[in-house]
Amino acid sequence: MNATCKHNLNEDVCNLINTQINKEYQMFYSYLQISNNLENEENYLPNASKFYKTMSDEEKEHGEMWSKYLINRGGKICLQQINTTEFNEHSNDLQSYFEYALEQEKQMNSSLLELHSKANDHNDIHLCNFIEFFFNDQVDAQRKLSNLINILNKYTSLGNDKYGEFHFDNYLKTNK
Ligand SMILES: [Fe+2]
């Protein structure tokens, strides 16, 4: 019989970690699509594009961190299909991108809380500690995005949305 490192890893918890991995990669893909949309010639808001590329890179890194974690605990990874249709329309509505991102981050926070609660139910202290690393990131991301939406609103309330977006993009250059 082969040795295994698996210990105190509940099956439901393992499934939730897999759900978490898939959510991280879904966000990685969605933010990458937004970044590409903002880089193209019709929209061309390069600093907003960079902002979403950084967010996308972070989500990919989270997906990899969770994957490594599950493997180290003796679990198996089950990757699912990623939905690519949401932002393939190449919308240029900057406000809707930021509102979407804020909503995604709040949903991510909820799923981390659910996972933490499940880990607690099964006395999985190691997993609880690991999840807690992500909570600071979530709070910072939510605060940053809500600030940016409010600042974007100030620029675009001048009556010319494209002009406002252009200035907001310049604002992002020096305030990341
Ligand atoms: Fe994440």
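Coordinates for the structure precede this section.
Heads up: these notes are all about the structure in this document. What you see is a predicted model; the values in this text were computed from it and never measured. The written sequence of each chain sets the order in which its residues are numbered from 1. Local features in this predicted model are restricted to residues whose pLDDT is 70 or higher, and side-chain atom pairs enter the listing and the counts only when it is 80 or higher, whereas totals over whole chains, interfaces and linings include all residues.

Re the overall build of the chain
Item 1. Helix and strand definitions here come from DSSP, where helices need a minimum of 4 consecutive H or I residues and strands a minimum of 2 consecutive E residues; each element is numbered from the N-terminal end. Across its full length, the chain holds five helices and zero strands.
Item 2. Reading the chain from its N end, one meets helices and strands in the order α-α-α-α-α.
Item 3. Overall size of the chain, expressed as C-alpha extent along the three principal axes, is 70 × 25 × 25 Å.
Item 4. Burial statistics for the chain: of 176 residues in total, 26% are counted as buried. Backbone-placed C-beta atoms define the burial measure: a residue is buried with 20 or more other C-beta atoms within 10 Å of its own, exposed with 12 or fewer, and partly exposed in between.

Points about the packing of helix 1 (residues 11-39) against helix 2 (residues 46-72)
Item 1. The interhelical angle for the contact between helix 1 and helix 2, taken along N-to-C directions, is 165°, at an axis separation of 8 Å. Judged by the inter-axis angle, helix 1 sits roughly antiparallel to helix 2. The chirality of how helix 1 crosses helix 2 is left-handed.
Item 2. Gly is placed with the polar residues, together with every amino acid not listed as nonpolar (Ala, Val, Leu, Ile, Met, Phe, Trp, Tyr, Cys and Pro) or charged (Asp, Glu, Lys and Arg). Broken down by class, the residue content of the contact of helix 1 with helix 2 amounts to 15 nonpolar, seven polar and five charged. For helices, the axis comes from a line fit to the C-alpha atoms of the stretch in contact; other axes are also lines fit to C-alpha atoms, and the angle between any two N-to-C directions lies between 0 and 180 degrees. For classification, angles of less than 35 degrees are called roughly parallel, those exceeding 145 degrees roughly antiparallel, those between 65 and 115 degrees roughly perpendicular, and all remaining angles oblique. If you view the pair so one helix is near and one far, a crossing is left-handed when the near helix is turned anticlockwise from the far one by less than a right angle, and right-handed when it is turned clockwise.

Some details on the environment of L16
Item 1. Along the chain, L16 turns up in helix 1.
Item 2. Classification of L16 by C-beta neighbours within 10 Å gives partly exposed; the count is 18.
Item 3. Our contact criterion uses C-beta atoms placed from the backbone: two residues qualify when those atoms are within 7 Å. Discounting residues that sit within four places of it in the chain, L16 has contacts with L115 and K118.

Topic: the environment of N22
Item 1. As for its position among the elements, N22 is in helix 1.
Item 2. For the pair N22 and K60, spaced 38 residues apart in sequence, the C-alpha separation works out to 10 Å.
Item 3. Aside from chain neighbours lying at most four places away, what touches N22 is L79 and Q80.

Observations regarding helix 3 (residues 94-121)
Item 1. For a helix, the expected span equals 1.5 Å multiplied by the number of residues minus one. Spanning 28 residues, helix 3 covers 41 Å between terminal C-alpha atoms, matching the ideal 40 Å at 1.5 Å per step.
Item 2. Those residues of helix 3 that sit buried are L94, Y97, F98, A101, E105, M108, L115 and A119.
Item 3. Check the buried side of helix 3 and you find it contacts helix 1, helix 2, helix 4 (125-156) and helix 5 (161-174).
Item 4. Downstream of helix 3 by a residue or two, N123 has a phi angle that is positive, lying close to 55°.

Focus: the packing of helix 3 against helix 4
Item 1. Their axes nearest at 9 Å, the elements helix 3 and helix 4 cross at an angle of 160°. When the interaxial angle is binned, helix 3 and helix 4 end up roughly antiparallel. In the crossing of helix 3 with helix 4, the sense of the turn from one axis to the other is left-handed.

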